[in-house]
Structure formats: C-alpha cells, structure tokens
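Letter by letter, the chains look like this.
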Amino acid sequence: MSKRRWLALLFIPGLVLILVLAQPGAASSDDDECQELLLNGDMESGEGWIFPPTAARGVYSTDQFFSPTRSARIGIVDGDNVSSFSSLRQRLQSPGGEQMILSWRMFPLSQPQDGSDLQFVGILNSALAEQRRLWSGVRNDAAWLDCSYDVSEFLSSDIYVNFTVKNDGANGKTALYVDDVSLKVCPAPQQVSPGCAPITPTATVTETVTSTPTNTVTPTPTASFTDTPTPSVTATPTEDATVTSTPTTPSTETPTPSATPTATGVPTDTPTATATATYTSSPTHTPSPSPSPTRTTTPSPTPEHSPTATPTFTPIVSPTPTSTPDTFVCQQLVFNPGFDVGIDNYAGWEQNLFITATYKDKDGIEREGAWFGGATESVHFLYQDIEIPAIAGQTSLNYWWAINPFGMDPPLNASDAMTLTLRNTDDEVLDLLAVIDGDSDSRQWLNASFDLDAYLGQTLRFYAEATTQDTRTSWYLDDVLLNSCARGAAVYLPAMMRDQ
Ligand SMILES: [Ca+2]
Ligand SMILES: [Ca+2]
Ligand SMILES: [Ca+2]
C-alpha cells in the first residue's frame, strides 16, 4: 500500500473529518483550550524530531502517511536486516497544567512477524532513561492505528517522547511508521481511554481505498483490541501487557463490540528469592572481573576498597545436600539471575533494557542474558536490591559478562562503558565492581566473582549501567548469582556445597 499520495490528497478533507469523529482511542471533548507542545507532530517539516544515528536510522518517509504527504519511519522495511535500534524522539520541557495527553498514529510492520523484534513507545527522562512504557508489541497490522494516553505525571518535566523499533537482525524485519504525534497540555480534564485502536473509516472511504490491492481497513467503527495496556497510572516496563501479545491482522479478527481492557498487566512472577541450585561456574574460564576503576560513567564516591579479583571458593552443585559440621550450605539470593523469567525476561529487575539477547562469543559459547547498548547515545541500566543475611559464612557475587564492540564503529571513547557497582538502597555507591570498556577483553563470555562478606546483614543494590556515545557497542550480563553460604546449617534446599 504505497505511493497513493494523489488519492490521499483528493480525499483528505473528508477523511480527516470522518476519522476525527470515529476515533475510539482519541481524546474526546473540545481541544480548543489545550496547548500543543510538540514541533512538527505531522512529520511534514524537518523540525523537532531526532533520529539517533544507528544502523537502521529512522527517516521521514512518503511511503506511508496519515496527514498530507509523509510520516516518520523507524525500523527496517526494505533495508538490510541488521541488529539495530531505530528511534524517533523529541525533547521538551512541559509546563504545568491540569492534564497532559500524548496521542499518535502508527502503522506497524513486522514481516514476517517476528517475536524477537520489538516496537515500543514511551516517555524518557532527560538522561534517556525510560520512565514509562506506554505501548509495546510486535505488530504487523499494515494499517494505521490511533493511540492515546494520559501522561499527566510528566507535567512540569523535562522529557523525551520516544518511539523505538528493535530489530534483531534475523528473520522478520520490523518497522513503525509514525504520524500525527501530539502532546497536549489541557487546562480542564478530558476523558482519555488509554490504548491503540485501528482507524476505521466509514464505508465511503473504504470504497475509495479498496482500489489499492493491499488495503486491509475494515469498516467496523466499534472494533477494538483486547491487548490494551493496563491503565496508565500503573504501567511500568515490567508490567507491560502488550509485550507478548500475538495480534492478528485487523481484517481477519472478529470485532469486539465493546472495549474491554483486561487487566493482564499484573506480573505473574513474585520476586521472592528461592534457593535454586543454578550455579554454572565453569572451570575452563578464568575469572576476570577486570576492575579498572580509572573512570566511571556515574558520579560516585571513591570506592573505599578494591574488588577482589579471585573467587574465594569453588562451589559445586549438589542436588542432595547433607548437613555435616564441615559443609557450607548456600542460598542463592538473586531473583531471576539468568534473565529468563517474566513477560520480558526481566522479572525482579528494575531496568530500561526492554529485551534480552543471545550472544555467541568468539569461542562459540552462547548465552542469553541482559542486553545493554546496541545503539549510539544510549543509557541502559538494571538493578536489583538483595538482602544479605547476617549469618557467618561465605558470601559471594558472581556473574557472566561480555562486551561486543560494533565492528564498523570507531574505537570506544570514554563514554562507551558499562559500570557495575554495589550501592545501598539510597543509590549511594558502596563499591565499584568493574568498568567494562574499550580496554576490556572483548567478544568473550567471562566470569567475575567477588567476596561480599563485608556486607552481611545489609541490603545491597547490584547496579549495572552502560552508556554509549558514538558507538553501537553491546554489553551482556547473565547468571548474576549472590550466594550466601553458612557452615553446617542445612536450612536452604536445594543447595550448593563448598569444594573442600
Ligand atoms: Ca504527516
Ligand atoms: Ca527480526
Ligand atoms: Ca540467561
């Protein structure tokens, strides 16, 4: 469905009127008093929007459009199928007011539909950290949707409105055409039904556009999707109900007569630490935490002591622990250490990483874990708070990491680094564990281990943050394990035994 500019030009006046009247997801009541905050929401000029330079950089496009002649396209339609983020964003300082509403129109493509890619829309803070995920999915509607969300919590804030498509470089190519983005501050509350709904022109309009062979618009004014995200106030990245939705093409699904947003955003995973024997230390890898505290990417107090670079013990998995006075019985305290629990694989973690990824290193070792970077000008973080029991014994932190500089990029500069720290729950840095940067061993899964006996009885925040400037370097983390081991007390089952 492309290049029908002349058709659209002919029917624009009627189309616009009809669509304004027929939008189930659009804000209702009069907008006269509202103030528009975005520049160039209709994508017809070059103002306002940033397309960060990535391998699949977004562009303005005339291939699809809603308002007069063009839209913005992110992701991959005809280009090479590369692993890349592709974003469209605009920064603004919102004034105070009664209510703020973000609305946009989008035309999702994923061909063939690829559950390993992702389309998402959200609000970022001025440091590019996602504050709220409004919508995400991997959809291939190949038709325009209309979306509206109340974002009043960001009144008086310095924010970005952000649209991103992530392609994994394999199988389907995923893209999003975006048009008619509006961020309005209104003096009086309006009713907004959060979510995205297909745009449903009347029969007159449908008749006109059916001359285009691939048109799939269905003339059902009450059609709605059931994968509407949870009500706005509670949406967070890990509660996003649309991540695993499997949308069907609008033309084939049975329209639901009324919108029934179901509360499917409740996480099904309860972040309680369980003592599972998932220790995966391999003797073939030399532990190398590569602590190089010569610089950090976050302002932090000078660490008071250096990380221990060698493991203090070699645990082995014992499925049937026995309790004798000379054995250590261990409890693994990190919830979801391998990044494979929950809708987005990040259950239990606070993060803005969105998706996990599988990385196969130069030795052929493959792991799926948390994925940082992969795009220029990115700031990605994750953390989890972990209570360390006040019992005597061995307490250790252990994780796998890898750094993969993007082959075509210039050398990493000072901003292209991942920093791992231990913090308290006030986010004050207690210890610098590692800085993984251009000087680190690359393209290899490596294991790092630290003695945490200094933190018995405390709640620690394991915090990892990666930033990129001009490169698309990727970092990966997997199997973040915190083992608390006590001598002889067989209270945790199953358990790992100390190698004597
Ligand atoms: Ca437009
Ligand atoms: Ca793909
Ligand atoms: Ca994993």
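### Comments concerning the overall build of the protein chain
If you tally the helices and strands in the protein chain, you get two helices and 24 strands. Among the 500 residues that make up the protein chain, the fraction classed as buried is 45%. Put simply, of all contacts in the protein chain between residues at least 6 apart along the chain, 82% involve residues at least 24 apart.

### So, the sheet that holds strand E7 (residues 130-137)
Hydrogen bonds between backbone atoms are what pair the strands of a sheet, whose relative direction is either parallel or antiparallel. Taken in spatial order, the four strands make up an open sheet running E4-E9-E6-E7, and their pairing is antiparallel. A single partner strand is all that each edge strand has here, and the edge strands are strand E4 (83-93) and E7. Shown here is a sheet whose adjacent strand axes are inclined to one another by a mean of 15°, direction ignored. Across 11 bridges, the pairing between E4 and strand E9 (residues 158-168) is antiparallel. Bridge pairing in E9 places Leu92 opposite Ile159.

### Focus: the environment of Ala56
Summarising the element assignment, Ala56 is placed in the loop between strand E1 (35-36) and strand E2 (59-61). Owing to 27 C-beta atoms within 10 Å, Ala56 belongs among the buried residues under this scheme. With 25 residues separating them along the chain, Ala56 and Asn81 place their C-alpha atoms 8.8 Å apart. Those residues within four positions of Ala56 in sequence are excluded, and the remaining contacts are Gly75, Ile76, Gly79, Val82, Ser84, Ser86 and Asn167.

### A few points about the sheet that holds strand E17 (residues 379-387)
A sheet is described by the order of its strands in space; here five strands give the open sequence E14-E17-E22-E19-E20, paired in antiparallel fashion. Edge positions in the open sheet fall to strand E14 (350-351) and strand E20 (429-436), since each of these has one partner strand only.

### Brief notes about the pairing of E7
The buried fraction of E7 amounts to seven of the eight residues, a majority that puts the element mostly inside the structure. Bridging between strand E6 (residues 118-125) and E7 involves six bridges; their strand directions are antiparallel. Within E7, the residue paired with Phe120 across the bridge is Ser136. Hairpin connection between E6 and E7: a loop of four residues separates the two successive antiparallel strands, and Leu128 in this loop has a positive phi of roughly 70°.

### A short note on the nonpolar core
One finds Val178, Trp401 and Tyr476 to be the most contacted residues of the largest nonpolar core, which totals 98 residues. The element that contributes the greatest number of residues to this core is strand E10 (residues 173-186), accounting for eight residues. Here this core spans two domains, since at least three of its residues come from each of domain 1 (5-239) and domain 2 (315-498).

### Details of the pairing of strand E8 (residues 145-150)
Looking along a regular strand, one sees the side chains alternate between the two faces of the sheet. Across the six residues of E8, six count as buried, placing the element largely inside the fold. Residues Leu145, Cys147 and Tyr149 line one face of E8 and the alternating positions Asp146, Ser148 and Asp150 line the opposite face, and both faces are buried. In this structure, strand E5 (residues 99-111) lies alongside E8, joined through six bridges in antiparallel fashion. Residue pairing in the sheet places Leu102 in a bridge with Tyr149 of E8. The sheet contact formed by E8 and strand E11 (residues 195-198) spans four bridges and is antiparallel. Looking across to E11, one finds that Cys147 is bridged to Cys196.

### A short note on the environment of Glu47
Secondary-structure assignment places Glu47 in the loop between E1 and E2. Overall, Glu47 belongs to the exposed group, with 11 C-beta atoms counted inside 10 Å. For the pair formed by Glu47 and Gln90, sequence separation is 43 residues and the distance between their alpha carbons is 9.6 Å. Once residues within four sequence positions are removed from consideration, Glu47 is found in contact with Leu39 and Asn40.

### Observations regarding the environment of Asp361
Structurally, Asp361 is set in the loop between strand E15 (356-360) and strand E16 (366-373). Judged by the 16 C-beta atoms lying within 10 Å of it, Asp361 falls in the partly exposed class. In sequence terms Asp361 and Trp445 are 84 residues apart; their C-alpha atoms lie 6.3 Å from each other. Apart from residues no more than four positions distant in its own chain, Asp361 is found in contact with Ala402, Arg443, Gln444 and Trp445.

### A closer look at unusual backbone geometry
Note the cis peptide between Gln111 and Pro112, where omega equals -10°. With respect to the helices, strands and loops of the structure, Pro112 is situated in the loop between E5 and E6. Phi at Asn345 is positive, roughly 75°, even though this residue is not glycine. Tracing the chain through its elements places Asn345 in the loop between strand E13 (328-332) and E14. Residue classification places Asn345 among the buried residues on the basis of 22 C-beta atoms within 10 Å.

Conventions we followed
Residues numbered from 1 in each chain as written. Chains lettered and ligands numbered in written order. Predicted model: local features only at pLDDT ≥ 70, side-chain atom pairs only at ≥ 80, totals over all residues. Helix = DSSP H or I, 4+ residues; strand = E, 2+ residues; numbered from the N terminus. Buried ≥ 20, exposed ≤ 12 C-beta atoms within 10 Å, placed from the backbone. Contact = placed C-beta atoms within 7 Å. Pairing = 2+ DSSP bridges. Axes fitted to C-alpha atoms, helices over the stretch in contact; angles between N-to-C directions. Core = buried A, V, L, I, M, F, W, Y, C linked by C-beta atoms within 7 Å. Domains from an automatic or database assignment.

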